[in-house]
Amino acid sequence: MGKKLLIVESPAKAKTIGKYLGAEFEVKSSYGHIRDLEKSNDLGVDVENGYKPNYVIPPDKQKTVKELRDAARRTEEVWLATDEDREGEAISWHLCEVLGLDPLQTKRIVFHEITKPAIQQAVQNPRRVDLNLVNAQQARRVLDRLVGWELSGLLWKKIKGQLSAGRVQSVAVKLIVEREREIQRFRSEAYFRITADFLAPNAQGKMVSFKAESDERPTDAASAEAFLRKCIGATYTVRDIQVRPTRRRPAPPFTTSTLQQEASRKLGFSVSRTMSVAQSLYEQGFITYMRTDSTHLSELALQAIGDEITKQFGSHYHQLRRYKTKNASAQEAHEAIRPTYIENPTAGATRDEQRLYELIWKRTLASQMADAELEKTTVDIGISTYPEARLVAEGEVLKFDGFLKLYIESTDEDEEQTQGILPPLSVGQVLTLDNLTATERFTRPPARYTEAALVKKLEELGIGRPSTYAPTISKIMEANRGYVIKDSRPGEVRTYRVLTLKNDTIQSFTDKETVGATKNVLYPTDMGMVVCDFLDTYFQKIMDYGFTAQIEQEFDDIAEGKKEWTKTIDDFYRPFHQEVEKTLKVAGRVSGERILGKDPKTGRTVLVRMSSLGKPVVQIGTGDELAKGEKPRYANLRPGASLETVTLEEALDSFNLPRTIGEYEGKEVLVNTGRYGPYVKWGDLSVSLPKNEDLFGVTLERAVELIRGKQATDAPIGYYQNQPITKGKGRFGPFLKWADLYVAVPARIPFDTLTEKQAIELIQAKIEKEATRFIQHWPEENISIENGRWGPFIRVGKEAIKLPFVNGARMTAEQARMLTLEQVKAIIAQARQEEKDSQKK
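Remember, predicted model here, so these are calculated numbers, not experimental data.

A.B. asks: Can you break down the overall build of the protein residue by residue, with the values?
C.D. replies: Counting secondary structure elements, the protein contains 21 helices and 34 strands. Seen through its C-alpha atoms, the protein measures out along the principal axes to roughly 105 × 80 × 65 Å. Contacts spanning at least 24 positions in sequence make up 67% of the contacts within the protein whose residues lie at least 6 apart. If you sum the accessible surface of the protein, you get close to 43900 Å²; carbon and sulfur atoms cover 49% of it. Taking the average location of the 123 positive side-chain charges in the protein and that of its 119 negative ones, the two points are 3 Å from each other.

Right, here's the structure in full:
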């Protein structure tokens, strides 16, 4: 006794804090949450008993809890130092509940950074667990469980099993679905952009080129040509010059949202990757707390940042700024994300940590630097043969770089071309025209959301809080949900027209450009659209952006002690539950069916819909069109096609598979699609098509290219016992194949430079392992008893079945070796029956 026990969430945080506290404290980690709502076939909330949550300790946390209980008994006092947001406060409360501590008496410390002064200051000023913050977190957790449980069960009955829905996630999916439909509805309109290249002497007398542009936007080639014709033989004169100073101000220091956005734009990080790296930097003591919506900087930080700017760039680069947070509910933390020691320009052990830290360091420093000062020049150029028209040239001169010396904020929009420097010009000066060009351009649809743009939109709408952005986005992109995918897709080639006036002669030609190409943007799947429409039809309130934001505000009110959390839940849940019950009765089964027309061969109806397996399919023939006992014809929708946009012709193409595209070395080459996607088949060789490559566009030349590449990949890398060793990559990673044996290649061995010697060593190790794998084996029955990590088990095909206990203990290998085939089959039958009974319950 005598020591104090301090509990934090993570081992890394425990290690850093332990260095600052000395021998008085023993620092241990809870490894995140130690309790959660009951999950197995149970709502986990007692609705009729004041929404009392049924918290349980998950199996994987039993050992951690036991160690913490033992440690608590050995010490005279337990302190809690979990993160300062609501989730951290809830973890502290759960620790109190599990360890038998009084939350009103137990000491709780909070800090915004893991530095020695901050930790020591926190220890000198402990507080108690804030039950208002705990209740706000409980309200979120309970409400999300109630909504998710009821909506998911409804989707299972009305659309497809294994689907799920959530209060915030479903609204995030709706944003992506609405943007996709906005893009689908968009009709691009052509216009012509008219630009001129002029020549004029610079300060050294050398002729230089600069651009000017007309503010007219002709909508067709005839009007554009008419503009150019009016300029034949014209003199171009400077009519007016306007020079005005402008300033650019730096962006505030990072909040959670802006860090996620900027890391996406500048570093290409996903939202979850950003938060994982930021968490590591925080726990090592390099940055302040990373879940915050405040742009405030402490006075101590402001002083240190000012000193660093003066030291590196001079006092004229420093400008003190006190940022005010626009969000009135910014309370999850009290400071922006910044380096704990601004004098350190680099930090972090990994490349990701170093890059993210540098971004935070630069943004923090730049936020306290002087404005950039620029001089913007606008020149009005007259056309003698077309007085009512004008051309405008704009230039920009950087007079003082200020914060631009260190940092420039990125945007989600396409970067505009930086305005150049104009040569010295004067009013009345006659300019030499090099050429006048009218280029056909097209209006563009809104851009699809990236992860960063979606975070920005959620924040603008007041949906979610700093701690929820990353989990929300990760959730909607989970493969088992299948609502949203992040993808990069090739664009389409489009022709455009160009008309040029040069030496009083007009010439025209067409050129090509690729449009619509995307990189790492969010697309809704057909299932995502069907589910979104269903929820939007029957649960308009839940899917309303304003209502979702209002719920977030109510959580804030609970955190401030203004509302009672169970009443807030009750006010929401009672009418919501009635809507669920009503929908169960009135809603039919939903498949997203869309009729496209008639099959020209049979005259039967062609439609697209979601299958019972959740796959988009094309169907020919319905109801009365089919003879007795006849089934409709089905085909998978071609990759990249959507239920909402596929045409009749494209749908019918899906039935033209497999498709023969020619011969290679006397063997037929065909393309088809299977369980794992589209592929080329040549004899016994199959080659998967690269992602986003359309199998209907594959030519014989492209197929041969893929076949040769596969042959090179499959060529033996060596021989063992006179049999070839080949290598490949499958669903579960790289592997070797020798005889009938498949051997996984571990990550520690570079796959591309794998040698014959290394391959043989891996094969020998696999053979040795396989020799001790079987305790008993009945190949003709496809049944075996095998040694496993946790003891012997039965394998039937790919199915693993536990062996029963003997006298309260696991069955040993010796006991398993005594079982007969009949006994093993009886164990299998009993296990399968128990599984069926469990599913019925």
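A.B. asks: Lay out the sheet that holds strand β7 (residues 77-80) in plain terms, naming residues and giving numbers.
C.D. replies: Across the sheet, which stays open at both edges, the four strands sit in the order β2-β1-β7-β8 with parallel pairing between neighbours. Only two strands of the sheet have a single partner each, and these edge strands are β2 (25-29) and β8 (107-108). For strand β1 (residues 4-8) and β2, the ladder comprises five bridges, and the chain directions are parallel. Counted as the bridge partner of Val8 is Ser29 from β2.

A.B. asks: Would you mind going over the nonpolar core in detail, with residue names and values included?
C.D. replies: Grouped burial of nonpolar side chains is what soluble globular proteins tend to show. Judged by nonpolar contacts, the single largest core of 149 residues is most densely connected at Phe111 and Leu356. The element that contributes the greatest number of residues to this core is helix α5 (residues 131-158), accounting for 11 residues. With near-sequence residues (within four places) excluded, Phe111 lies in contact with Lys13, Ile17, Ala81, Glu84, Ala118, Ile119, Ala122 and Tyr282. Within the second largest apolar cluster, 29 residues are counted, among which are Phe227, Val379, Leu391 and Ala393.

A.B. asks: Please give an account of the environment of Val271 that cites residues and values.
C.D. replies: Turning to its location among the elements, Val271 is positioned in helix α9 (residues 271-283). Val271 gets classed as buried once you look at its relative accessible area, which sits at 1%. Residues Val271 and Glu451, 180 residues apart in the sequence, show an inter-C-alpha distance of 6.5 Å. The contacts of Val271, once residues within four sequence positions are left out, are Gln260, Glu451, Val455, Ala470 and Ile473.

A.B. asks: Could you give me a rundown of the sheet that holds strand β27 (residues 718-720), with the residues and numbers involved?
C.D. replies: A sheet is described by the order of its strands in space; here four strands give the open sequence β27-β28-β29-β30, paired in antiparallel fashion. Since the sheet does not close on itself, it has two edges, and those belong to β27 and β30 (741-744), each with one partner. In this sheet, adjacent strand axes meet at a mean angle of 40° when their direction is disregarded. Taken strand by strand, helix α19 (residues 756-771) contacts β27, β28 (723-730), β29 (733-738) and β30, and its axis lies near 110° from that of β30.

A.B. asks: So what about the packing of helix α10 (residues 299-313) against helix α11 (residues 351-366)? Which residues, and what values?
C.D. replies: It is at 10 Å that the axes of α10 and α11 come closest, and there the two elements cross at 95°. One element, α10, and the other, α11, form an angle in the roughly perpendicular class. Note on element contacts: α11 touches α10 through Trp361, Thr364 and Leu365, opposite Ile305, Glu308, Ile309, Gln312 and Phe313. Tallied by class, the residues present in the contact of α10 with α11 amount to five nonpolar, two polar and one charged.

A.B. asks: Describe the packing of aromatic side chains, with residues and values.
C.D. replies: Throughout the structure, instances matching the rule amount to 17 aromatic pairs. A centroid spacing of 4.8 Å and a plane angle of 40° characterise the contact between Tyr317 and Phe400, whose relative ring orientation is tilted. Remark: Phe400 occurs in strand β13 (residues 390-400) and Tyr317 occurs in the loop between α10 and α11; sequence separation between them is 83 residues. The same class applies to Tyr317 and to Phe400, which are both buried. By way of ring pairs, the aromatic residues Tyr51, Phe539, Phe547, Phe572, Tyr573 and Phe576 are connected into one cluster. Cation over ring: Arg489 sits above Tyr523, and NZ or CZ is 3.6 Å from the ring centre. If you follow Lys727 out to its NZ or CZ, it ends over the ring of Phe751, 4.7 Å from the centre.

A.B. asks: Explain helix α2 (residues 62-74) residue by residue, including any values.
C.D. replies: With 13 residues, α2 extends 19 Å between its outermost C-alpha atoms, agreeing within 8% with the 18 Å of an ideal straight helix rising 1.5 Å per residue. Among all positions of α2, only Thr64, Val65, Leu68, Ala71 and Ala72 are buried. Projected down its long axis, α2 carries its buried residues within an arc of 125°, all on one side. In α2, the exposed positions that point more than 90 degrees away from the buried face belong to Lys63, Lys66 and Arg73. Buried-residue contacts for α2 involve β1, β2, β7 and α3 (86-99).

A.B. asks: Which residues make up the pattern of salt bridges, and what are the values?
C.D. replies: The tally for this structure, following the rule as stated, stands at 60 salt bridges. Between Lys4 and Glu24 there is a salt bridge, and its shortest N-O distance comes to 2.9 Å. Here Lys4 is found in strand β1, whereas its partner Glu24 is found in the loop between α1 (11-21) and β2, with 20 residues between them in sequence. Given the relative accessible area of 15%, Lys4 is considered buried. Residue Glu24 is classed as partly exposed on the basis of its relative accessible area of 42%. Residue Glu705 is joined to Arg702 by a salt bridge in which the shortest nitrogen-to-oxygen separation is 3.2 Å. Of the two residues, Glu705 and Arg702 are both situated in helix α18 (residues 700-714); the distance of three residues between them amounts to about one turn of the helix. Judged by relative accessible area, Arg702 falls into the partly exposed class, the value being 22%. Several salt bridges converge on common partners, so that one network encompasses Glu9, Lys13, Asp83, Asp85 and Arg291.

A.B. asks: Requested: an account of the pairing of strand β32 (residues 783-788), with residues and values cited.
C.D. replies: As judged from the four bridges shared by strand β31 (residues 774-778) and β32, these two strands associate in the antiparallel manner. The residue bridging His777 from the neighbouring strand is Ser784, located in β32. Counted along the chain from β31 to the antiparallel partner β32, the turn is four residues long, and its residue Asn782 has a positive phi close to 60°. Summarising the sheet, β32 and strand β33 (residues 791-796) pair through six bridges and their orientation is antiparallel. Looking at β33, one finds that Glu786 is bridged to Phe793. Taken together, β32 and the strand that follows it, β33, pair antiparallel across an intervening segment of two residues.

A.B. asks: Please give an account of empty space enclosed by the protein that cites residues and values.
C.D. replies: Rolled over the atoms, a probe sized like a water molecule indicates the empty space that remains. Counting across every chain of the model gives two cavities of 30 Å³ or more. Lining the largest cavity we find 15 residues, and of these Gln169, Ser170, Val173, Tyr483 and Val531 sit closest to its centre. Broken down by secondary-structure element, the contributors of at least two residues to the lining of the largest cavity are α6 (169-185) and α14 (526-538). Classifying every residue of the lining of the largest cavity gives eight nonpolar, five polar and two charged.

The rules behind each value
Each chain has its residues counted from 1, following the order in which its sequence is written. With pLDDT at 70 or above as the cut-off, local features in this predicted model cover only qualifying residues; side-chain atom pairs require 80 or more to be listed or tallied, and sums for whole chains, interfaces and linings still use all residues. With hydrogens and water set aside, each side-chain value is computed from the structure's full complement of heavy atoms. Here a strand is any run of E in DSSP of at least two residues, a helix any run of H or I of at least four, and the numbering for each starts at the N terminus. The contact definition used throughout considers only heavy atoms, calling two residues in contact when any of these lie within 4.5 Å. Note on areas: Shrake-Rupley with a 1.4 Å probe; residue coverage comes only from the protein chains shown. Two residue types count as positive, namely Lys and Arg, and two as negative, namely Asp and Glu; His and chain ends fall outside the count. The atoms used to mark charge sites are NZ of Lys, CZ of Arg, CG of Asp and CD of Glu. Here, strands pair whenever DSSP counts at least two bridges between them. Remark: nonpolar core denotes a set of buried residues (Ala, Val, Leu, Ile, Met, Phe, Trp, Tyr, Cys) joined through side-chain atoms within 4.5 Å. We call a residue buried when its accessible area falls under 20% of the maximum for its residue type, exposed when it is over 50%, and partly exposed in between, using a 1.4 Å probe and counting protein chains only. In this analysis an axis means a line fitted to C-alpha atoms, helices contributing only their contacting stretch, and an angle means the value between N-to-C directions, from 0 to 180 degrees. Throughout this description, any angle smaller than 35 degrees is read as roughly parallel, any larger than 145 degrees as roughly antiparallel, any in the 65 to 115 degree range as roughly perpendicular, and the remainder as oblique. For this classification, Asp, Glu, Lys and Arg are treated as charged, while Ala, Val, Leu, Ile, Met, Phe, Trp, Tyr, Cys and Pro are nonpolar and the rest, including Gly, are polar. Any pair of Phe, Tyr and Trp rings, taking the six-membered ring for Trp, is counted once the centres come within 6.5 Å. Such a pair is stacked with planes under 30 degrees apart, edge-to-face with planes over 60 apart, and tilted for the rest. Both a distance and an angle decide whether a charge sits over a ring: NZ of Lys or CZ of Arg must be within 6 Å of the ring centre and within 35 degrees of the ring normal. The span you would expect from a helix comes to 1.5 Å times its residue count less one. Here, the arc refers to the directions that run from the helix axis to the C-beta atoms. Salt-bridge detection follows one rule: a side-chain nitrogen of Lys or Arg within 4 Å of a carboxyl oxygen of Asp or Glu. Cavity and pocket criteria rest on a 1 Å grid covering protein atoms alone: a 1.4 Å probe that fits but cannot get out defines a cavity, protein on both sides within 12 Å along at least 5 of 7 lines defines an open pocket, and an atom within 4 Å of a point defines a lining residue. Grid points are joined across faces, edges and corners, and a volume is the space filled by probe spheres set on the points.

What is shown is where atoms sit, not what they do.
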